[in-house]
Amino acid sequence: MEIIILPTPADVARTAADAIEEQVRRGPSVLGLATGSTPLGTYQELIERHRTGGLSFAQAQAFLLDEYVGLPSAHPQSYHSVIRDEFTASVDFAADAVHGLDGMAEDPQAEAEQYEARIAAAGGVDLQILGIGTDGHVGFNEPMSSLCSRTRIKTLTRQTRQDNARFFDHADDVPDHVLTQGLGTIREARHLLLLAMGEAKAEAIAAAVEGPVAAICPASALQLHPHVSVLVDEAAASRLAHRDYYTDTFGRKPAWQGL
């Protein structure tokens, strides 16, 4: 796990976009896409590089991290709609290259199993973008989720529903349940890119990268992955005990090593 402390959220977005661009320019790629406010700057940076720098996603596929249960794909807050509006419709993914979970599936468990099969059939995820919740959740793997969990239905905590209420007209409109890739599923991606900005994420980041691996902080499971890049701004890094070490090692990292 490499912790990279950057001055501002804009620096986090640019550095994340660099890693994604490098992956996509290698050739056909499978990306894991997250929604929420955290990756927005990264998506905007990638859109600009597509428009002005020739960055193409025509050979890429994408799999969404999660989806609300009970929201049709046309609902403005379904993650199908959100990722289209915030990113994929502004670049050149093929029409059938962006895959998501069906929040209206009659059998959510069967939908989860089929989604796992679709990821496997695509060859697995090359690079997975992740955010982190204030309680340490990744995807919608809430505290006490199994560290080996697969894609499944989950009940949201009150805290997560409160955090997400800003995206809905009323707090009561936030669904109680979601379909989410599990921690075991996420950890099968070849490169994990965890982004966090702001003081509100500082405690969760410290627990995830410097605390014990424990289900109470689901993001701590990422410590078990061989290739994780944690990109944080100064505010999100404010509670890290070893921040001087992270800054020193990143400053002396060979350019050829990349992220």
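Residues numbered from 1 in each chain as written. Predicted model: local features only at pLDDT ≥ 70, side-chain atom pairs only at ≥ 80, totals over all residues. Heavy atoms only, no water.

If you check an unreviewed UniProt entry, the protein chain appears there as Glucosamine-6-phosphate deaminase from Pseudarthrobacter scleromae. On record in UniProt, under Function (unreviewed entry), the comment for the protein chain is "Catalyzes the reversible isomerization-deamination of glucosamine 6-phosphate (GlcN6P) to form fructose 6-phosphate (Fru6P) and ammonium ion." Regarding the protein chain, the relevant UniProt record gives this comment under Sequence similarities (unreviewed entry): "Belongs to the glucosamine/galactosamine-6-phosphate isomerase family. NagB subfamily." (UniProt positions renumbered as here; feature names shortened; annotations may be inferred.)

Draft legend 1. Looking closely at the overall build of the protein chain. Scanning the protein chain from N- to C-terminus turns up 8 helices and 10 strands. The C-alpha radius of gyration of the protein chain comes to 17 Å, within 12% of the 18 Å expected for a compact globule of 259 residues. Principal-axis analysis of the C-alpha atoms gives the protein chain an extent of 50 × 40 × 35 Å. By residue count, 53% of the 259 residues in the protein chain fall in the buried class. When contacts within the protein chain are restricted to residue pairs at least 6 apart in sequence, those whose partners lie at least 24 apart make up 78%. Here the protein chain displays about 11,400 Å² of accessible surface, and carbon together with sulfur accounts for 51% of that area. (Helix = DSSP H or I, 4+ residues; strand = E, 2+ residues; numbered from the N terminus. Rg over C-alpha atoms; globule rule 2.2 N^0.38 Å. Buried < 20%, exposed > 50% of the residue type's maximum accessible area, 1.4 Å probe, protein only. Contact = heavy atoms within 4.5 Å. Areas by Shrake-Rupley, 256 points an atom, 1.4 Å probe, with all protein chains shown as cover.)

Draft legend 2. Quick peek at the environment of Met1. Tracing the backbone through its elements, the reader meets Met1 in the segment before β1 (2-6). C-alpha separation for the pair Met1 and Leu240, spaced 239 residues apart in sequence, amounts to 14 Å. Apart from residues lying up to four places away in sequence, Met1 is in contact with Val209, Leu222, Gln223, Val228 and Val230.

Draft legend 3. Fine view of the packing of helix α1 (residues 9-25) against helix α2 (residues 40-53). It is at 8 Å that the axes of α1 and α2 come closest, and there the two elements cross at 55°. With respect to α2, the element α1 is oriented oblique. Of the two elements, α1 crosses α2, and the hand of that crossing is right-handed. Residues Ala13, Arg14, Ala16, Ala17, Asp18, Ile20, Glu21 and Arg25 of α1 pack against Gly41, Thr42, Glu45, Leu46, Arg49 and Gly53 of α2. Taken together, the residues of the contact of α1 with α2 sort by class into 5 nonpolar, 3 polar and 6 charged. (Axes fitted to C-alpha atoms, helices over the stretch in contact; angles between N-to-C directions. Parallel < 35°, antiparallel > 145°, perpendicular 65-115°, else oblique. Left-handed = near helix turned anticlockwise from the far one by under 90°. Nonpolar A, V, L, I, M, F, W, Y, C, P; charged D, E, K, R; others polar.)

Draft legend 4. Fine view of the UniProt feature "domain: Glucosamine/galactosamine-6-phosphate isomerase" (unreviewed entry) in the protein chain. Taking the UniProt record as the reference, the feature "domain: Glucosamine/galactosamine-6-phosphate isomerase" (unreviewed entry) is found at residues 12-223. In the segment residues 12-223, helix accounts for 33% and strand for 16%; the C-alpha atoms at its two ends are 20 Å apart.

Draft legend 5. Quick peek at the pattern of salt bridges. All chains considered together, the criterion is met by 17 salt bridges. Each of Asp18, Glu21, Arg25, Glu45 and Arg49 takes part in a single network of salt bridges with overlapping partners. (Salt bridge = Lys/Arg side-chain N within 4 Å of Asp/Glu carboxyl O.)

Draft legend 6. Highlighting unusual backbone geometry. Of note in the backbone geometry, Met144 takes a positive phi value of approximately 80° without being a glycine. Secondary-structure assignment places Met144 in the loop between β6 (127-130) and β7 (152-155).

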